[in-house]
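Structural overview
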Amino acid sequence: MWSKTVGPVVQNAIRTGSIRTYIKGEPNEPVVKTDIPGPKTKQLQNELNSIQLSGAVQLFADYNKSLGNYLVDVDSNVILDTFTQISSIPIGYNHPELLKVFTDQDNLKALVNRPALGVFPGDYWPGKLRNVLLSVSPNLPNVTTMMCGSCSNENAYKALFLTYRRKQRGENVDFTELETQSCMVNQPPGAPDLSLMSFHGAFHGRTFAALATTHSKPIHKLDVPSFDWPVASFPKYKYPLEENVRENDAEDKRCLAIVEDLIETYKKKGKPVAGIVIEPIQSEGGDNEASPFFFQQLQKIAQKNGAGYLIDEVQTGCGATGKFWAHEHFNLETTPDIVTFSKKMLTGGFFHTVDMRPSQPYRIFNTWMGDPGKIALLEAVLKVIKQDKLLDNVNKVGDKLKKGLLGLEKEFPQLLSATRGRGTFLATNVATPKLRDDIIAQMKKKGVLMGGCGDNALRLRPSLIFQERHADIFLDRFRSVLKEN
Ligand code: PSZ
């Protein structure tokens, strides 16, 4: 009824008092009762630490009490969450539509009777893939589900290599005896000398091949054997972008020239580049952006060299940049060959061209190959995104947040610089890495959870139901923290 008066944007939303909200009963503001970590978190952390290394734990959450944009911890602190489990909660905590999913008996049975999807899928599976995942495909006809982001990249990389070799060998040409023997001892030609190009500052995961293309922090890589694969330069822009067009354009061209050089170098080395993997916004590496021009040219270079083009949307996908897929901002001439996803999509996996399909079964495969329970949840998430027009919300709130951050950058030029991003996928640089960490700690004391990335960036990764009133709370508390520094 009231949707007529408030307009279609909050059709599914509910009014509590004078406040419009997507989640009924969501707290009005943060409430901080103890230090964070508080006494109960510390006790649980000791217990956990006796079982496993737990040094990265920030707090223990109470997932019964957490709601919407608010994470409640075991010490009853009510915290506005702008980081959402490393960018992985699409529509907030305990969304009523998600809580309903497993009251449906078909969904419950799909969850309980988890199939090895590659061999014994349920009768519902093709329909679910079509109606849920393919309904948001970035114009790619095929999708292969996996578990996590690393697993998705790992298998997508295999698809790149398999396709490259199939083309080298010729369609329908059988493997040679030498290939089948040599692959069994990790030697060429069966295990061929091919490479994948990635970028300095990239993060694609922590499994072996994914880690070989990850270059955000040494601690992720130390002591782990890796591949000799080319690492190109990702553009480093000067901000504000509008005032540095010529310099940033030159930066694009410098980086593209390095890409072309490296492709030649690795060809000469006998390790031709079979694919290029890149994030639309380098996330763990510091929220580094590159221009549509850069991504368009990179695609052309990949095509010219017979290399696949893989866009890793694990962190950027599912709406946070204001479009469902971040690479939709780039107006690429054709689709990428592969787009990987996980995090807010709840299931991992990759969309791909028919060309990227292996020619034999079992070549890209594992036991679970995803989980139909996650698809059931994703189905509800996509329905809510559509009904509540959450991409419009992201654009509106993102605009407010970005303007707010730019205003704070002007007010505190000695502290903040290079505010950037799209939608609510935003970041700003802090003068020093220590100050960045201090600010995150001070924000926590004020009941706001934030993330850092790169050396000195602060990043925002709220869920898609982060509204203007949450932005106001965030900006207000951020300003008061900046004033204290
Ligand atoms: O420290 C870590 O392991 C983190 S912190 C953030 C991530 C991982 N992000 C995961 C990620 C990603 O951001 C991109 C662009 N690609 C792949 C991955 C790997 O996903 P998971 O963690 O699901 O394996």
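Numbering of residues starts from 1 in every chain and runs along the sequence as written. Whole-chain, interface and lining totals are the exception, using all residues; otherwise, since this is a predicted model, local features are given only for residues with pLDDT of at least 70 and side-chain atom pairs are given and counted only at 80 or more. Processing note: side-chain calculations cover all non-hydrogen atoms of the structure and skip hydrogens and water entirely.

The next point concerns the sheet that holds strand β4 (residues 78-81). Read from one edge to the other, the open sheet built from three strands follows the order β3-β4-β16, with strand pairing classed as mixed. A single partner strand is all that each edge strand has here, and the edge strands are β3 (70-72) and β16 (448-449). Two strands qualify as a pair provided that DSSP identifies no fewer than 2 bridges between them. Only DSSP runs of H or I reaching four residues or more are called helices, and only runs of E reaching two or more are called strands; each is numbered from the N terminus. Two strands pair when backbone bridges link them, and β3 and β4 are joined in this way by three bridges, in the antiparallel orientation. Within β4, the position partnered with V72 by the bridge is V78. Packed on one face of the sheet, helix α15 (residues 468-483) meets β3, β4 and β16 and runs near 100° to β4. Residues are treated as being in contact if the distance between any of their heavy atoms lies within 4.5 Å. With axes taken as lines fitted to C-alpha atoms, and helix axes fitted only over the stretch in contact, angles between N-to-C directions fall between 0 and 180 degrees.

Here the focus is the site of the ligand. The full set close to the ligand counts 15 residues, and G149, S150, R206, D312 and Q315 are the nearest of them. G149 places a main-chain nitrogen or oxygen 2.8 Å from an oxygen atom of the ligand. For the ligand, whose free accessible area comes to 520 Å², the fraction covered by protein is 82%. Tallying contributions element by element places helix α7 (residues 149-169) first for the shell around the ligand, with three residues. Each residue gets one label: Ala, Val, Leu, Ile, Met, Phe, Trp, Tyr, Cys and Pro are nonpolar, Asp, Glu, Lys and Arg are charged, and the others, such as Gly, are polar. The residue inventory of the shell around the ligand, partitioned by class, reads four nonpolar, six polar and five charged. Proximity is defined per residue: if any heavy atom of the residue lies within 4 Å of a molecule or strand, that residue is considered near it. N or O atoms closer than or at 3.5 Å make up a polar contact, with two conditions inside protein: a donor-capable atom paired with an acceptor-capable one, and, for residues adjacent in sequence, both atoms drawn from side chains. Every accessible area reported is derived by Shrake-Rupley at a probe size of 1.4 Å, with residue values counting cover from the shown protein chains alone.

This part covers the pairing of strand β14 (residues 416-422). Counting buried positions along β14 yields five of seven residues, so the element is predominantly enclosed. Pairing of β14 with strand β15 (residues 425-430) involves five bridges; the strand directions are antiparallel. Residue pairing across strands places L416 opposite V430, the latter belonging to β15. The hairpin formed by β14 and β15 contains two residues between the paired strands, and G423 there has a positive phi angle of roughly 60°. Note on exposure labels: buried denotes an accessible area under 20% of the residue type's maximum, exposed denotes more than 50%, and partly exposed covers the range between, all computed with a 1.4 Å probe on protein chains only.

Turning next to the sheet that holds β14. A sheet is described by the order of its strands in space; here four strands give the open sequence β14-β15-β18-β17, paired in antiparallel fashion. Looking at strand neighbours, the two that pair on one side only are β14 and β17 (451-453), the edges of this open sheet. Here the average twist between neighbouring strands, direction ignored, is 30°.

By domain assignment, the protein separates into domain 1 (8-95 + 389-484) and domain 2 (115-370). Each of domain 1 and domain 2 has a C-alpha centre, and these two points are 30 Å apart. Contacts between the two partners involve 25 residues from domain 1, matched on the other side by 23 residues from domain 2. The rule for a salt bridge is simple: a side-chain nitrogen of Lys or Arg has to be within 4 Å of a carboxyl oxygen of Asp or Glu. Between domain 1 and domain 2 we count two salt bridges in total. Per the annotation, domain bounds derive from an automatic or database assignment of domains.

Stacked, tilted and edge-to-face are the three classes applied to pairs of Phe, Tyr and Trp rings, where Trp contributes its six-membered ring and a pair requires centres within 6.5 Å; stacked means planes under 30 degrees apart, edge-to-face means over 60, and tilted covers the rest. Taken as a whole and judged by the stated rule, the model has 14 aromatic pairs. The rings of F199, F234, F294, F295 and F330 are connected pair by pair, giving a single aromatic cluster. The cationic tip of R420 hangs over the ring face of Y239; the distance from NZ or CZ to the ring centre is 6.0 Å. Across from the ring centre of F425, 3.5 Å away, lies the NZ or CZ of R461, which sits over that ring. Cation placement over rings: the criterion is NZ of Lys or CZ of Arg within 6 Å of the ring centroid and within 35° of the ring normal.

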